[in-house]
Amino acid sequence: MNDEYSKRSYSRFEEDDNEDYPMQGSQDGGYYRGDSQANDDEGGHSDSTEGHDEDDEIYEGEYQGIPRADSGKGSLAGGPGSVKAGAPEFRDIGVSEAERRKDQEELAQQYETILQECGHGKFQWTLYFVLGLALMADGVEIFVVGFVLPSAEKDMCLSEPNKSMLGLIVYFGMMVGAFLWGALADRIGRRQSLLISLSINSIFSFFSSFVQGYSTFLFCRLLSGVGIGGSIPIVFSYYSEFLAQEKRGEHLSWLCMFWMIGGIYASAMAWAIIPHYGWSFQMGSAYQFHSWRVFVLVCAFPCVAAIAALSSMPESPRFYLENGKHDEGWMILKQVHDTNMRAKGYPERVFSVTTIKTVKQMDELEFSAGLLSFSLVFLIHTLQIRNNILACFSPEYKRTTFMLMAVWFTMSFSYYGLTVWFPDMIKYIQKQEYESRTKTFTKEQVEHITFNFTLENQVHREGHYFNDKFLNLKMKSMVFEDSVFEECYFEDITSTHTFFRNCTFIASLFYNTDLFKYRLINCKLINSTFLHNKEGCMLDFSDDFNNAYMIYFVNFLGTLAVLPGNIVSALLMDKIGRLRMLAGSSVISCVSCFFLMFGNSESGMIALLCLFGGISIASWNALDVITVELYPSDKRTTAFGFLNALCKLAAVLGISIFQSFVGITKAVPILFAAGALAAGSFLATKLPETRGQVLQ
């Protein structure tokens, strides 16, 4: 290779040159023609132009790699690993922030142009379905505990406080996971962080289907939530870095549909699996595996499928370029280009980019891998994550971050609060209707009678039962008050919501029953005996089938109702802008809250749930898109993870507050939700519009 060519190549990599990697037009559509020193070891040749002719001429568009230090020329090209002759082996850590920011701005502009050349096609759609599975796993995780709770509470004899904790533990886990994995994804990569987080979710979801105790089940669901918490911040950031500006808003909105699909999948599987109690088995009284555990196992399938599919996908090239890995980023972009061109019928089209801007690194020393201990690597990553978090509150991003925090919090508080309040209100309406049919018996005198049929929804007061037998029966919603049981025999009794208050048992025998002492409130036991009490809480699927079916059906309709809003938001996101979509949807959602006042029946509440979900989804889609676009690539998942963690905290607060008003008043939850949505829509208008801008 002649000297003139070498000088021209190396001059493009000098650190003194303020016009690193200038854009150069060409007749064949090429954008960047950096004629770099040949480097066959890097494996960076274009498949379409690989090879040399007889005179060893370089073909147009052939990538030659970054020149190495041993090439004998003055300096190395392009990146954070540049060293000058005789310089130390670690990079200069005094590179100014201004230079780094300039590099990022130049990379953002060039990266957008490269994505335009790569086009939108087979590669992006493949990645869409792969990342969609990860997002689907997040949607499934939200519904799992709610669907298994009616069965699990019997299997584990859960008290009301334990049920509440089990319902909220997933949100706590997801809050930790969003913060942790979002921060790590900016340091170790989007793909690697997502694989680790999904693996943790799948492992502990699998374990949770087999563990027997409440505490171990709670622990497994907590860690499962920690794992899946990373999916939303990483998935949206990861996918956005493969999308050109004119496609970004629409296709990120299409990606949101997989969260809805996850809810539909969970609802359908719960309806198909949980009521079939014949699928259960047990090993003595110590180990029981009921159908709800099969459902928990099946819910891990989307996560496992996402892990398998993601293993074949590349890392984000933008992440590589932001971290000075030029060749890795170039190879992935070439893969995107070639995959799309072959699918469109243009296999001969050459990827014209040969040199891409990389960002100078400021806070790392480049040592040999063997010199860095694990503790030092951990410390470096911890400090870098801390710096990234603090950077989100720097003067440049402080206002944006606080505004987004307020919008995320208000939307999450109202949305999760109302969506959990809806089913609870439906159950309360069902309970009131059920109690209205309660039969009351007073001062009964029952002697020498055998009860061997189901007793349900009755209240018995001041009765006297002498020498009666209660054999092989079910008691559901039975209350005995101020009654006397003398020489009675109870055998093989299964009970739910059954209590004895201020009763007296004289010379009575309880054999193989689940009438534990906590069901006997202020009762007197005189010469009475309990033998072979049933262990745990016995499951009875038929008793709760209708109630469970309603829970699954309501959630199925609620998630299905999101589909029209999702389609509309995807089609209009790039036409009307993110802010109009976010603020407009929030205002309409706020207005729709007041219609809840008129929901006094099951069908009315279900219809209002569908209406609210279909309207509010557009604001969620817009919020996801605008959050991705407001932060630079090296802080994107950190900021998104922090905001998503705040979202889960707001969800816990909203659920806790709204549930406390079930059966008391409708006005307070509705006013809370409407006020939060109104505040969020107002603050949303103060955010900067990102439509038409390149990805920072």
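An unreviewed UniProt entry annotates the chain as Synaptic vesicle glycoprotein 2A of Mola mola. Comment text from UniProt for the chain, heading Sequence similarities (unreviewed entry), reads "Belongs to the major facilitator superfamily." Taken from UniProt, the Function (unreviewed entry) comment for the chain reads in full: "Plays a role in the control of regulated secretion in neural and endocrine cells, enhancing selectively low-frequency neurotransmission. Positively regulates vesicle fusion by maintaining the readily releasable pool of secretory vesicles."

Caption draft 1: Representation of the pairing of strand 10 (residues 489-496) in the model. Sheet analysis places strand 8 (residues 469-481) next to strand 10, joined by seven bridges and oriented parallel. Looking across to strand 10, one finds that Leu471 is bridged to Glu491. Here four bridges tie strand 10 to strand 13 (residues 509-513), and the two strands are oriented parallel to one another. The residue bridging Ile493 from the neighbouring strand is Thr513, located in strand 13.

Caption draft 2: Spatial organisation of the packing of helix 9 (residues 257-273) against helix 10 (residues 291-298). Running from N to C, helix 9 and helix 10 point in directions that differ by 150°, and their axes come no closer than 9 Å. It follows that helix 9 is roughly antiparallel to helix 10 by the angle criterion. Crossing handedness for the pair helix 9 and helix 10: right-handed. In contact with Tyr265, Ala266, Met269, Ala270 and Ile273 of helix 9, helix 10 contributes Ser291, Val294, Phe295 and Val298. Its residues assigned to classes, the contact of helix 9 with helix 10 shows eight nonpolar, one polar and no charged.

Caption draft 3: Molecular detail of the packing of aromatic side chains. This structure, assessed with the given rule, holds 47 aromatic pairs. Each ring, one from Tyr415 and one from Tyr416, has its centre 5.4 Å from the other, and the planes form 85°; the classification is edge-to-face. Like Tyr415, the residue Tyr416 is buried in the burial classification. Each member of the aromatic cluster is reached from another via a ring pair, and the members are Phe451, Phe453, Tyr465, Phe470, Phe480, Phe485, Phe490, Phe500, Phe505, Phe510 and Phe530. Residue placement shows Arg318 over the ring face of Tyr111; its charged tip is 5.1 Å from the ring centre. Over the aromatic face of Tyr346 sits the side chain of Arg349, whose NZ or CZ is 4.4 Å from the ring centroid.

Caption draft 4: View of helix 6 (residues 214-228). Given a rise of 1.5 Å per residue, 15 residues ought to cover 21 Å, and the 21 Å separating the end C-alpha atoms of helix 6 matches this to within 8%. Burial in helix 6 covers these residues: Tyr214, Phe217, Leu218, Cys220, Arg221, Ser224, Gly225, Val226, Gly227 and Ile228.

Scoring rules and cut-offs
- Residues numbered from 1 in each chain as written.
- Predicted model: local features only at pLDDT ≥ 70, side-chain atom pairs only at ≥ 80, totals over all residues.
- Heavy atoms only, no water.
- UniProt positions renumbered as here; feature names shortened; annotations may be inferred.
- Pairing = 2+ DSSP bridges.
- Helix = DSSP H or I, 4+ residues; strand = E, 2+ residues; numbered from the N terminus.
- Axes fitted to C-alpha atoms, helices over the stretch in contact; angles between N-to-C directions.
- Parallel < 35°, antiparallel > 145°, perpendicular 65-115°, else oblique.
- Left-handed = near helix turned anticlockwise from the far one by under 90°.
- Contact = heavy atoms within 4.5 Å.
- Nonpolar A, V, L, I, M, F, W, Y, C, P; charged D, E, K, R; others polar.
- Phe/Tyr/Trp six-rings, centres within 6.5 Å; stacked < 30°, edge-to-face > 60°.
- Buried < 20%, exposed > 50% of the residue type's maximum accessible area, 1.4 Å probe, protein only.
- Lys NZ or Arg CZ within 6 Å of the ring centre and 35° of its normal.
- Expected span 1.5 Å × (residues − 1).

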